[in-house]
Amino acid sequence: MSKSSQRSPFGWSNRGGNVTVIEAPVARSHRRRAIIAFWVTLGVVGLLTATVASHYLHPILGAMLGGLIGAACGAVVFALIVAWPVLRVFWHWLPEIGLGLAAVYGWTALMQSTPLWGSLLVVALVVGVPAAVGPIRRRVMAWIWCLVVRHRLRLCFAAFIATNRHGSLPLILPAKPTPAGERVWVWLRPGLSLRDLEADGQVQKLAVACWANEVRVMRASRRYAALVRLDITRREPLAHTIVSPLPDYVPTDVPANAPTSPGMPPVGLDLPDVPDEPVTAPADTPRPRKPRNATTTSTSPSDGFDPSDYA
């Protein structure tokens, strides 16, 4: 059996019970970057510090002080770069970790301040009321879907990067529920762009990964092209039937022979003043035209002056 087949899909090794949180190639890559960043930080910070310190101390003491400060800053940068894969995992699970810590410490504080029956009563109310009340239950489920969608998007972006062999995992920013589903903000890393997400089939892959009906991707900032917004659609709120309250205002005691509204046309009326046949207006007789070079001696209305001829 090969070494790769001895590892389960969840990262557990069949021998020794080890858990693979960070893959070996990723760890080696970040360690190489951390070493380079350490020496660059040591040289830059140490040189600047030694130059400034030499004006106040002996040049040898200033160089030693610059080396110590540069090494300390380089060590901090080295530790951050090496630990970044683990910190990124904590960032991905930060809402769940916060909720878990709040639940544990809240239960401990509740047990220490109230008797057992009081603690059970509070827990029953906290859990039972949202489960029994429909609007609260739907709101809680909407926020739970926001947490689920963040992880599903991360897995989908990891599949994109593994397929294209370039780019880095984006930062999945906070998400919030919408009437149609969820809205998630994403900060793209180098190697990914909005056009890559809008390519043929990519949006459908996002919808499949999020267990949704449709996913729309658009820019979320005019200044930063890396900040994009994903609108995930699970339901059509505008397709629901809306009950109109207008029939409730119609009176029910209206008699059958109620008078017709004055705005309606008369039907079946016999009016003697209205002729049976329509009266046609006489045809307009053609107006004789005046000569173009006609001379007039007076412009009074009695001489036949008509301004419409000059219109």
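The model shown is predicted, which means the values in this text are computed figures rather than measured ones. (Residues numbered from 1 in each chain as written. Predicted model: local features only at pLDDT ≥ 70, side-chain atom pairs only at ≥ 80, totals over all residues. Heavy atoms only, no water.)

Asker: Any chance you could explain the overall build of the chain here in plain terms?
Answerer: Looking only at helices and strands, the chain has seven helices and four strands in total. The order of helices and strands in the chain, counted from the N terminus, is α-α-α-α-α-β-β-α-α-β-β. Each of the 311 residues in the chain was classed as buried or not, and the buried ones make up 20%. Taking the intrachain contacts of the chain between residues at least 6 apart in sequence as the baseline, contacts between residues at least 24 apart amount to 51%. (Helix = DSSP H or I, 4+ residues; strand = E, 2+ residues; numbered from the N terminus. Buried < 20%, exposed > 50% of the residue type's maximum accessible area, 1.4 Å probe, protein only. Contact = heavy atoms within 4.5 Å.)

Asker: Looking at this structure, how should I read the environment of Trp 107?
Answerer: Residue position: Trp 107 is located in helix 3 (residues 94-113). Between the C-alpha atom of Trp 107 and that of Val 123, which follows or precedes it by 16 residues, the distance is 8.7 Å. Apart from residues lying up to four places away in sequence, Trp 107 is in contact with Ser 119, Leu 120 and Val 123.

Asker: Before we go on, may I ask you to explain the sheet that holds strand 1 (residues 171-177) in this structure?
Answerer: Neighbouring strands of a sheet are bound in pairs by backbone hydrogen bonds; such pairs are parallel or else antiparallel. The four strands are arranged 1-2-4-3 in an open sheet whose pairing can be described as antiparallel. The open sheet has two edge strands, strand 1 and strand 3 (214-219), and neither has a second partner. Adjacent strand axes in the sheet meet at a mean angle of 20 degrees, parallel and antiparallel pairs treated alike. Strands strand 3 and strand 4 (227-233) of the sheet are contacted by helix 7 (residues 202-209), whose axis makes an angle of about 125 degrees with strand 3. (Pairing = 2+ DSSP bridges. Axes fitted to C-alpha atoms, helices over the stretch in contact; angles between N-to-C directions.)

Asker: What's the story with the packing of helix 1 (residues 24-53) against helix 2 (residues 59-92) in this structure? I'm lost.
Answerer: Helix-helix packing is described using two parameters, namely the angle between the two axes and the distance between the axes. It is the contact of helix 1 with helix 2, at a shortest axis distance of 6 Å, that shows an interaxial angle of 155 degrees. Here helix 2 runs roughly antiparallel to helix 1, going by the angle between their axes. Considering only the axes of helix 1 and helix 2, their crossing is right-handed. Counted by class, the contact of helix 1 with helix 2 contains 21 nonpolar, nine polar and two charged residues. (Parallel < 35°, antiparallel > 145°, perpendicular 65-115°, else oblique. Left-handed = near helix turned anticlockwise from the far one by under 90°. Nonpolar A, V, L, I, M, F, W, Y, C, P; charged D, E, K, R; others polar.)

Asker: I'm lost on the nonpolar core in this one. Help?
Answerer: Across soluble globular proteins, you tend to see nonpolar side chains buried next to one another. Counting 25 residues, the largest nonpolar core has Leu 153, Phe 157, Val 184, Val 186, Leu 206 and Leu 230 as its most contacted members. Of all the secondary structure elements, the ones that give two or more residues to this core are helix 5 (134-164), strand 1, strand 2 (181-187), helix 6 (194-197), helix 7, strand 3 and strand 4. Here this core gets seven residues from one element, more than from any other, and that element is helix 5. (Core = buried A, V, L, I, M, F, W, Y, C linked by side-chain atoms within 4.5 Å.)

Asker: Could you clarify how one ought to interpret the packing of aromatic side chains in this entry?
Answerer: Each aromatic ring pair is summarised here by two numbers: the centre-to-centre distance and the angle between the ring planes. Taken as a whole and assessed by the stated rule, the structure comprises four aromatic pairs. Between Phe 38 and Trp 39 the ring centres are 5.3 Å apart and the planes differ by 75 degrees, which places this aromatic pair in the edge-to-face class. Between Trp 187 and Tyr 224, the ring centres sit 5.8 Å apart and the planes meet at 55 degrees, which makes this aromatic pair tilted. With Trp 187 in strand 2 and Tyr 224 in the loop between strand 3 and strand 4, this pair connects stretches of sequence that are 37 residues apart. Geometry around Trp 145 places Arg 234 over its ring, the cationic atom sitting 3.9 Å from the centre. (Phe/Tyr/Trp six-rings, centres within 6.5 Å; stacked < 30°, edge-to-face > 60°. Lys NZ or Arg CZ within 6 Å of the ring centre and 35° of its normal.)

Asker: Explain the pairing of strand 2 to me, please; I cannot follow it from the model alone.
Answerer: As a general feature of sheets, a regular strand has side chains that alternate between the two faces. With five bridges connecting them, strand 1 and strand 2 associate as antiparallel partners. Looking at strand 2, one finds that Leu 171 is bridged to Trp 187. Linking strand 1 to strand 2, which pair antiparallel, is a turn of three residues. In this structure, strand 2 lies alongside strand 4, joined through seven bridges in antiparallel fashion. Bridging from a neighbouring strand, Gly 181 pairs with Thr 233 of strand 4.

Asker: Can you help me understand the side chain of Arg 150 in this one?
Answerer: Here Arg 150 lies in helix 5. No salt bridge forms around the buried Arg 150; measuring N to O, its nearest opposite-charge neighbour Glu 96 is 5.2 Å away. Within the local environment of Arg 150, its side chain forms a polar contact with the backbone oxygen of Leu 173, the two atoms lying 3.4 Å apart. If we ignore the near neighbours within four places in the chain, the residues touching Arg 150 are Trp 91, His 92, Pro 95, Ile 172, Leu 173 and Ala 175. (Lys, Arg positive; Asp, Glu negative; His and termini not counted. Salt bridge = Lys/Arg side-chain N within 4 Å of Asp/Glu carboxyl O. Polar contact = N/O pair within 3.5 Å; in protein donor to acceptor, adjacent residues only side chain to side chain.)

Asker: Before we go on, may I ask you to explain the pattern of salt bridges in this structure?
Answerer: Charged atoms that come close allow side chains of opposite charge to pair. By the definition in use, this model includes four salt bridges. With a closest N to O distance of 2.9 Å, Glu 182 and Arg 234 form a salt bridge. Taken together, the residues span a long stretch of sequence, with Glu 182 in strand 2 and Arg 234 in the segment after strand 4 at a distance of 52 residues. With its nearest N and O atoms 3.7 Å apart, the salt bridge here joins Glu 214 to Arg 216. Assessed through its relative accessible area of 36%, Arg 216 is described here as partly exposed. Here the salt bridges do not stand alone but share partners, grouping Arg 183, Arg 229 and Asp 231 into one network.

Asker: Whenever I open this one, the confidence of the model for the chain confuses me. Can you help?
Answerer: Close reading of the predicted structure is inappropriate where its pLDDT is low. Across the chain, the average pLDDT comes to 78, with 72% of residues at 70 or higher. The low-confidence segment residues 1-17 (pLDDT under 50) makes 17 contacts with residues lying over four places distant or belonging to another chain. Confidence over residues 305-311 falls short of pLDDT 50; this stretch has seven contacts with residues more than four positions distant or in other chains. (pLDDT = per-residue confidence, 0-100.)

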